[in-house]
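Now for the letters of each chain:
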Amino acid sequence: MAGIGFKLQKLFQEDYYSSRLKAYTFSGLVTSGPWLIVILVVGTIQWLAFQMPTLSLAERTLFMISVSYAFIFSQILFSFQQLVVTRYVADLFYEKKAHEIFPVFTGMLKVTILAAALLYSIFWLLSPLDFLYKLTLFVLFMTINVIWVMFLFLSAAKYYQAVAYSFLLGGLISVGSVYAISRLMTDPSSLELLLGFTVGMIVTLFGLFFAMLRTFPLRYAVKEFSYFKYFDRYPDLFAIGVLYVLGIWVTNFIIWFGEGRVIIADSFLFNPYYDTAIFWSYLTIIPTQLLFVVAVETRFYERYRTFYGLINYGGALHQIEKAKQTMTSVLKNELIRLARSQGVVTLFAILMAGAFVGWIGVPDEIGQIFRMTTLAAFANAMILILTLLLLYFEDRRGALFVNLSFFTLNALFTLLLLPRGIDWYGVGFAVSTTITFFLAGLRLIYYMGKVDYYVFAASNRRKLGTERFSQMGTLLNRRFSR
Amino acid sequence: MKIGLVLEGSYPYVSGGVSSWTQTLIEAMPEVSFEIISIQPTEKRPEDMKYALPANVSGITHLYLNDMGERARGRLKWGADDEQNVSDWLMLRSPNRQALRLLGKEVPSSEAFFASEFFWSNVKAAYAEEMNGGSFIDYFWMWQSMYTPILRVLHQPLPKVDLVHSVSTGYAGVVASYMKETQGIPFILTEHGIYSREREEEILQSYWIPAPYKPRWVRFFHHLSREAYNAADEIITLFERNREYQEWIGAPSEKTKIIANGIADRQIQATVDRTEHDIFQIGAIVRLVPIKDLKTMIYAAKILQERHRLFKLTIMGPLDEDEEYAEECRLLIEQSGLSDYVELVGKVDVQTYLPTFDLLLLTSISEGQPLAILEGMAAGIPWVATDVGACSEILYGRADDPFGPAGFIVPPVHPEAVADKVEWMMDYPQERMRFGKNGRERVRQYYRLQQVVDRYKAIYEARREQYGGHRV
C-alpha cells in the first residue's frame with residue numbers, strides 16, 4: 001500500500017492530464033486489475049461465442065460457469081493463506097530479510113497446489129463431464145491458483161507493472177485464441193473455448209513466473225513452511241481473510257439451492273438470475289476500487305505517516321493529538337467523498353437497471369435482483385475499505401468483528417429469505433451488508449477516537465519494541481479483491 | 001514469632017554494611033524465626049550466597065524486579081474511588097496503601113495494567129503536568145519502566161509473617177507497606193543510608209537517563225520512601241543526621257528513632273598506656289576506594305613530614321576493591337617520598353593491630369555510621385575524623401552525653417586541618433589518653449551490640465502485642 005501511495009503522489013505532482021489518467025489506470029490495474037481484465041476477457045469471449053451460430057446456449061453457459069467456478073474456489077482456497085502470508089512477507093521485507101521470501105513462495109505454492117488438487121479430485125469423482133474437459137478445467141484451476149499466489153508476492157514486492165502486463169498479455173492471448181478457434185473450427189464446443197482461455201491464463205502464469213524470478217534472484221528452498229508460525233501469531237488475520245471471501249460467495253452458494261437454480265452438465269450448480277445479477281453488480285463498484293487507492297492512499301497516507309512518525313520518533317503529545325485530528329478529518333472527508341462518488345454510480349446503475357435489462361434482453365427478474373445486489377455491492381465495497389483501514393490501524397479485533405458480521409449476516413438473511421423465492425433474492429444480501437457497513441463505520445469511528453491509546457496499548461499487549469510503528473506502513477501491500 | 005526481613009539488593013548475596021548488620025541481628029536472636037525476603041534485579045542461585053544462613057532463617061523468598069513478559073490477560077475492574085487512589089499514587093501525589101493493595105491484588109496482569117485506558121490517561125495527564133513538549137513515547141516507556149518493578153514485586157507470592165521489618169525504603173519499603181496493608185501486621189523500617197538520597201545522587205550522575213526525565217525519577221524514589229514512612233510503625237536509623245533527612249523527606253518525627261550500630265563486648269579493651277615511645281603510630285581502617293579519600297590522608301602525612309614530625313601511618317584495608325585507585329595511592333606515597341612513613345598493609349586482622357596505635361584517622365567524604373570508629377573507640381584509641389555521616393555524633397557525643405570528646409572532627413578534603421589535629425595529638429599525650437578513654441566509655445554506654453539487639457527485640461515484642469500476638 002505504502003509504495004503505491006508514494007508512486008501515485010509523484011505522478012500527481014506532474015499536473016498533466018495524461019499522467020493523471022495514467023495514475024488512475026495504474027492504480028485501477030493494481031487494485032482490481034486482474035479481476036477487471038479477467039472480466040473483460042470472459043466478456044469478450046462470451047461475445048465472440050455469441051457470434052458463433054453453431055455454439056449452443058448450454059455450451060456457452062458451461063464454459064462461463066466452469067471459468068466462474070475456477071475463480072470462485074481458487075479465491076476461497078487463496079483466502080486461507082492470503083492475509084497471513086501477506087503479513088509475513090511484509091514483515092520479512094521490513095526486517096530486511098528479502099532473501100527469505102522465495103522459500104515462503106515455494107512453501108505457499110506447495111500447500112496451495114496440494115489443497116487445490118485435493119479439492120479438484122472431489123469434483124473429478126463427482127462430475128460426469130468427459131475426461132478431456134475435466135483435464136483442461138483442472139489445468140485452468142491449478143493455473144489460477146498459482147496465479148493468485150504469485151500475485152501476492154509480486155504485489156508485496158511492488159512489481160505492479162509485471163502483474164498488469166502479464167494479465168494483459170494473457171488476456172489478449174485468451175481472446176486471440178478463442179477468436180482463432182472461431183475462425184478455424186467449424187463446430188467449436190465449450191472445450192475449445194475453455195482451452196483458448198486456459199492458454200491465455202498459462203501465458204499470464206509464465207509472465208508472472210518470470211517476474212518472480214527477476215524479483216527474487218536469490219532462490220533456495222529452506223524453511224519453506226516457517227511462515228506457518230504466523231497462523232499462530234495472527235489467527236485473526238486468517239479468519240478475516242476467509243470470512244470476507246466466504247461472506248461474498250455465501251449468498252450465491254445458498255441461492256444455488258433456491259428457486260430458479262439449474263444444474264449444468266450434472267456438474268455445476270448455477271442460478272442464472274442471481275449469479276448474473278451479482279456479476280453485473282460487482283462491476284458497478286469498480287470506481288471504488290479505483291478511487292480508494294488514489295483518494296485515500298495519497299491524501300490520507302501522508303497524514304497517517306505523520307501520525308505514526310510523530311509517535312515513533314519522539315513527537316510531543318500535542319503534536320500527536322494534532323496529527324490525529326488532521327488524520328481523522330482527512331480520512332472522514334475522503335470516505336465521505338468516496339461514498340458519494342460510489343453512491344452516484346450505484347444510484348445511476350439502480351435507476352438504469354430497467355432500461356439496461358430491456359436493452360440487452362435478459363429477464364426482468366434479473367433487473368429486480370440487480371437493484372438489490374447493486375446496493376449490496378455498494379455496502380460491500382465500503383466494508384472492504386473499512387476493513388482495510390482497520391487493518392492499517394492494526395485493529396485486527398475490529399476487522400475480525402466486521403467480517404464475522406459480514407459472513408454471518410449474509411448467510412443468515414439469505415437463508416431466512418430463501419423460502420420466499422426469486423422475488424426476494426438479493427434483499428437479504430442488501431440488508432445484511434448495509435447492517436455490516438454501519439457496524440464497520442461505527443467501529444472505525446470508535447477506534448479512531450482512541451487510536452493513539454490503541455497504538456500504545458497494542459504495543460504493550462504484543463510486547464514489541466517501538467519499531468512496530470514504522471512497520472505499520474508496510475502492512476498489507478495486498479488487498480482483498482473479488 | 002516469625003519476622004519477614006525485607007532486603008533490597010543485599011543480604012545474603014552481597015556483602016557490606018547492611019548485610020553484616022543483618023547477619024549479626026539474626027544470629028543474636030536465635031529464638032526468633034526470620035524469613036528473608038530478598039529483592040534482586042535478576043535471578044540468584046544458592047551458590048551466589050555470601051553468608052551462611054543461620055539456623056533460625058526459615059527460608060528465602062525471592063522477589064525479582066526484571067520483567068517476566070506476562071501475557072496480557074483480563075481487564076481492570078476498578079471503581080472511581082479505586083482509580084482515584086491509584087492515580088494519586090502513580091502521580092506521586094501522596095502515599096496511599098489502598099493504591100498498593102489495588103495494584104497488588106486487583107490487577108489481572110501487569111500487561112493488562114499497562115495496556116489499560118486508565119494507565120494511558122494517567123500518563124497523558126502526568127505528561128501534561130510535567131513535560132514541556134518532550135518525546136511522548138519516551139515518556140510513556142519511562143512510566144512503564146518506572147512501574148513495572150512495582151507490579152513485579154507485588155505480584156510475586158509473599159510469605160505470611162507476624163511482623164515485617166524492612167531494611168530500606170524503595171522497593172523493599174513498598175513490599176513491606178503492602179504486607180502490612182494486606183496481612184494486618186506491624187511494619188518496622190530501618191534505614192542505614194537514606195535510600196532516596198542515594199538514588200537521587202545516582203540519578204543525577206547517570207548519563208543514561210535523559211535529563212528531562214531525571215526530576216521524575218528522583219521524585220519517584222522520594223515517593224517510595226514517603227510510602228514506607230507513612231506505613232511504618234517505627235522508623236529507625238543509625239544516627240541523628242539521617243533522622244533529620246528522613247523528617248525532611250516526610251517521615252513523621254514521632255515515629256523516628258535512632259538505634260546505632262553496636263560493638264560486641266569482647267571488642268571493648270582496656271587502655272594500653274602509650275604515652276612513652278619514640279615513633280607516633282597512626283592507623284587507618286579503610287577500604288581503598290575513592291569515597292574514603294585516602295589522598296587527603298596522604299597529603300596530611302606529607303605536611304607532617306615537612307614539619308619534621310616522626311610518625312608511622314598504617315593503612316589497613318583491602319587493596320583489591322578498586323585496584324586503579326589503590327595503585328594511584330601507592331604511587332602518591334612513593335612520589336611524595338613517604339615510603340618510610342606510610343604503609344599499605346592490605347586486609348589484616350584489625351583487632352590485633354589496634355592496641356599498637358596512638359591515633360586513628362578517617363578522611364572519608366561520605367560515611368554512614370562507621371563501625372571502624374566504634375571499634376577504635378572500643379579499644380580506647382582517639383580519632384581524627386571528617387565531618388561526615390555520624391562521625392561527629394560518635395566522637396563528640398549527642399546533646400545529653402556525659403563523657404566528653406573522643407577525638408577531633410575536621411572538614412572533609414582538608415589535609416592541613418588533619419595535620420594540625422594530628423600534631424596536637426602528638427603534643428598532648430595525656431589529653432590523647434583521656435580522649436581514648438572517653439570514647440571507650442561512650443561505646444560501653446551507648447554503642448553495645450547487646451543493647452541494639454535488646455532494643456529491636458523489645459520493639460518486635462511490643463508491636464507484636466499491639467497487633468494481636470502470634471498468628472503464624
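It should be emphasised that the depicted structure is a prediction, and the values quoted were computed from it without experimental measurement.

Another point: the overall build of chain A. On a plain count of helices and strands, chain A comes out with 18 helices and two strands. For chain A, the residues scored as buried account for 57% of the 482 residues in total. Here the contacts in chain A between residues at least 6 apart in sequence split such that 81% fall between residues at least 24 apart. With an accessible surface of roughly 20,200 Å², chain A has 69% of that area assigned to carbon and sulfur atoms.

A separate point is the pairing of strand β5 (residues 187-191) of chain B. Residue and element names in this part refer to chain B. Most of β5 sits out of view: five of its five residues are buried. Side-chain alternation along β5 places Phe187, Leu189 and Glu191 on one buried face and Ile188 and Thr190 on a second face that is also buried. Sheet topology note: the strand β4 (residues 163-166)/β5 ladder contains three bridges and is parallel. Counterpart to His165 in the pairing with β5 is Ile188. Where β5 and strand β6 (residues 234-237) come together, four bridges link them in parallel fashion. Paired with Ile188 across the two strands is Glu234, which belongs to β6.

So, about the packing of aromatic side chains. Centre distance and the angle of the planes are the two values used to describe a pair of aromatic rings. Residue and element names in this part refer to chain B. Tallying each qualifying case throughout the model produces 76 aromatic pairs over all chains. Measuring from centroid to centroid gives 5.9 Å for Trp424 and Phe435, while their planes differ by 15°, and the two rings are stacked. Here Trp424 is found in helix α16 (residues 415-427), whereas its partner Phe435 is found in helix α17 (residues 429-446), with eleven residues between them in sequence. On the basis of relative accessibility, which here comes to 10%, the residue Phe435 falls in the buried class. When the ring centre of Tyr245 is taken as origin, the NZ or CZ atom of Arg197, which lies over that ring, is 3.6 Å away.

All names here are of chain B. Evaluated as defined, the whole model comprises 42 salt bridges over all chains. The salt bridge partner of Arg330 is Glu327, with a shortest N-O separation of 2.7 Å. Of this pair, Arg330 and Glu327 both sit in helix α12 (residues 323-335), separated by three residues, roughly a single helical turn. Between Arg464 and Glu465 there is a salt bridge, with the nearest N and O atoms lying 3.3 Å from each other. With relative accessibility at 10%, the residue Arg464 sits in the buried group. What makes Glu465 exposed here is its relative accessible area of 53%. Among the charged side chains, a network of salt bridges with common partners joins Arg307, Arg309, Glu416, Asp420, Glu423 and Asp427.

Tyr11 of chain B connects to Pro12 of chain B through a cis peptide bond whose omega is -5°. Relative to the assigned elements, Pro12 of chain B resides in the loop between β1 (2-8) and α1 (17-28). With a phi close to 50°, Ala265 of chain A is a non-glycine residue in the positive phi region. Mapped onto the fold, Ala265 of chain A is located in the loop between β1 (262-264) and β2 (268-270).

Proteins that are soluble and globular tend to have nonpolar side chains buried together. Ranked by size, the top nonpolar core spans 212 residues in total, and within it Phe153, Phe197 and Phe393 of chain A together with Phe113, Trp143, Tyr147 and Phe220 of chain B carry the most contacts. Non-local contacts of Phe220 of chain B, meaning those with residues more than four positions away in its chain, are made with Leu92, Met146, Tyr147, Ile150 and Tyr171 of chain B.

Right, let's talk about the confidence of the model for chain B for a bit. Confidence in the prediction for chain B averages 90 pLDDT; 96% of positions are at 70 or higher. Reported confidences for the modelled complex are a pTM of 0.78 and an ipTM of 0.74.

Another aspect to go through is the packing of helix α10 (residues 235-255) of chain A against helix α11 (residues 272-283) of chain A. All names here are of chain A. Running from amino to carboxyl end, α10 crosses α11 at an angle of 160°, the nearest separation of the two axes being 10 Å. Between α10 and α11, the angle is such that the two are roughly antiparallel. Handedness of the α10/α11 crossing: right-handed. Two secondary-structure elements touch here, α10 through Ile248, Thr251, Asn252 and Ile255 and α11 through Tyr274, Asp275, Ile278 and Tyr282.

It is worth spelling out the pairing of β6 of chain B at this point. Within a regular strand, the side chains alternate between the two sheet faces. Residue and element names in this part refer to chain B. Of the two faces of β6, the one holding Glu234 and Ile236 and the one holding Ile235 and Thr237 are both buried throughout. Pairing analysis gives three bridges linking β6 to strand β7 (residues 256-258), with the strands arranged parallel. The residue of β7 that forms the bridge with Thr237 is Ile258. Tracing the backbone out of β6, into helix α10 (residues 240-249) and back to the parallel element β7 gives a crossover that is right-handed.

A separate point is the environment of Ser405 of chain A. Residue and element names in this part refer to chain A. Within the element layout of this structure, Ser405 appears in helix α15 (residues 396-417). Separated by 27 residues in sequence, Ser405 and Ser432 place their C-alpha atoms 8.5 Å apart. Discounting chain neighbours no more than four positions away, the residues touching Ser405 are Asn410, Thr436 and Leu439.

A surface patch of nonpolar side chains, amounting to about 440 Å² of accessible area, comprises Leu119, Ile122, Leu125 and Leu126 of chain A. Secondary-structure assignment places Leu125 of chain A in helix α5 (residues 101-126).

Further remarks concern the sheet that holds β7 of chain B. Sheet strands pair via backbone hydrogen bonds, and the direction of the pair is either parallel or antiparallel. All names here are of chain B. Reading across from one edge, β3-β2-β1-β4-β5-β6-β7 is the order of the seven strands in this open sheet, with parallel pairing throughout. Every other strand in the sheet has two partners, leaving β3 (57-64) and β7 as the edge strands with one partner each. Direction aside, neighbouring strands of the sheet carry axes that sit 20° apart on average. Set on the sheet, helix α7 (residues 170-183) makes contact with β1, β2 (33-40), β3, β4 and β5; between it and β1 the angle comes to about 150°.

With that out of the way, let us pick up the packing of helix α13 (residues 317-360) of chain A against helix α14 (residues 364-392) of chain A. Residue and element names in this part refer to chain A. Contact geometry of α13 with α14 gives a least axis separation of 9 Å together with a crossing angle of 165°. With respect to α14, the axis of α13 lies roughly antiparallel. The hand of the α13/α14 crossing is right-handed. Contact residues: α13 offers Leu331, Leu335, Leu338, Ala339, Gln342, Gly343, Thr346, Ala349, Ile350, Ala353, Gly354 and Val357, while α14 offers Asp364, Gly367, Phe370, Arg371, Thr374, Leu375, Phe378, Met382, Ile385, Leu386 and Leu389.

Let's shift gears to α12 of chain B. Residue and element names in this part refer to chain B. Relative to the 18 Å expected for 13 residues at 1.5 Å per residue, α12 spans 18 Å between its end C-alpha atoms, a close match to the ideal helical length. Among all positions in α12, only Tyr325, Ala326, Cys329, Leu332 and Ile333 are buried. Buried residues of α12, seen end-on, are gathered within an arc of 120° and therefore sit on one face of the element. In this structure, α12 carries Glu323, Glu324 and Gln335 as exposed residues pointing more than 90 degrees from its buried face. Next to the buried residues of α12 lie α11 (294-306) and β10 (342-346). With its phi angle positive at about 70°, Gly337 sits one or two positions after the end of α12.

Our focus in this paragraph is the state of the cysteines. Residue and element names in this part refer to chain B. Tallying each qualifying case throughout the model produces zero disulfides over all chains. Take Cys329: it sits in no disulfide, and the sulfur closest to it among the cysteines is that of Cys391, at 19 Å. Given a relative accessible area of 1%, Cys329 falls into the buried group. Among the residues examined, Cys391 registers a relative accessible area of 0% and is labelled buried.

Residues and elements named next belong to chain A. Estimated volume of the second largest pocket: approximately 1,400 Å³. Looking at the second largest pocket, it is lined by 45 residues, and the ones nearest its centre are Gln46, Met64, Thr276, Phe279 and Trp280. Broken down by secondary-structure element, the contributors of at least two residues to the lining of the second largest pocket are α2 (17-50), α3 (57-79), α6 (131-156), α10, α11 and α13. A class-by-class count of the residues in the lining of the second largest pocket yields 34 nonpolar, eight polar and three charged.

Cut-off values and rules
Residues numbered from 1 in each chain as written. Chains lettered and ligands numbered in written order. Predicted model: local features only at pLDDT ≥ 70, side-chain atom pairs only at ≥ 80, totals over all residues. Heavy atoms only, no water. Helix = DSSP H or I, 4+ residues; strand = E, 2+ residues; numbered from the N terminus. Buried < 20%, exposed > 50% of the residue type's maximum accessible area, 1.4 Å probe, protein only. Contact = heavy atoms within 4.5 Å. Areas by Shrake-Rupley, 256 points an atom, 1.4 Å probe, with all protein chains shown as cover. Pairing = 2+ DSSP bridges. Phe/Tyr/Trp six-rings, centres within 6.5 Å; stacked < 30°, edge-to-face > 60°. Lys NZ or Arg CZ within 6 Å of the ring centre and 35° of its normal. Salt bridge = Lys/Arg side-chain N within 4 Å of Asp/Glu carboxyl O. Core = buried A, V, L, I, M, F, W, Y, C linked by side-chain atoms within 4.5 Å. pLDDT = per-residue confidence, 0-100. Axes fitted to C-alpha atoms, helices over the stretch in contact; angles between N-to-C directions. Parallel < 35°, antiparallel > 145°, perpendicular 65-115°, else oblique. Left-handed = near helix turned anticlockwise from the far one by under 90°. Right-handed = clockwise from strand over helix to strand, strands pointing away. Patch = residues over 30% accessible without salt bridge, like charges linked within 9 Å, V, L, I, M, F, W, Y side chains within 5 Å. Expected span 1.5 Å × (residues − 1). Arc of directions from axis to C-beta. Disulfide = S-S within 2.5 Å. 1 Å grid on protein atoms, 1.4 Å probe; cavity = no way out; pocket = protein on both sides within 12 Å on 5 of 7 lines; lining within 4 Å. Points joined across faces, edges and corners; volume = space filled by probe spheres on them. Nonpolar A, V, L, I, M, F, W, Y, C, P; charged D, E, K, R; others polar.

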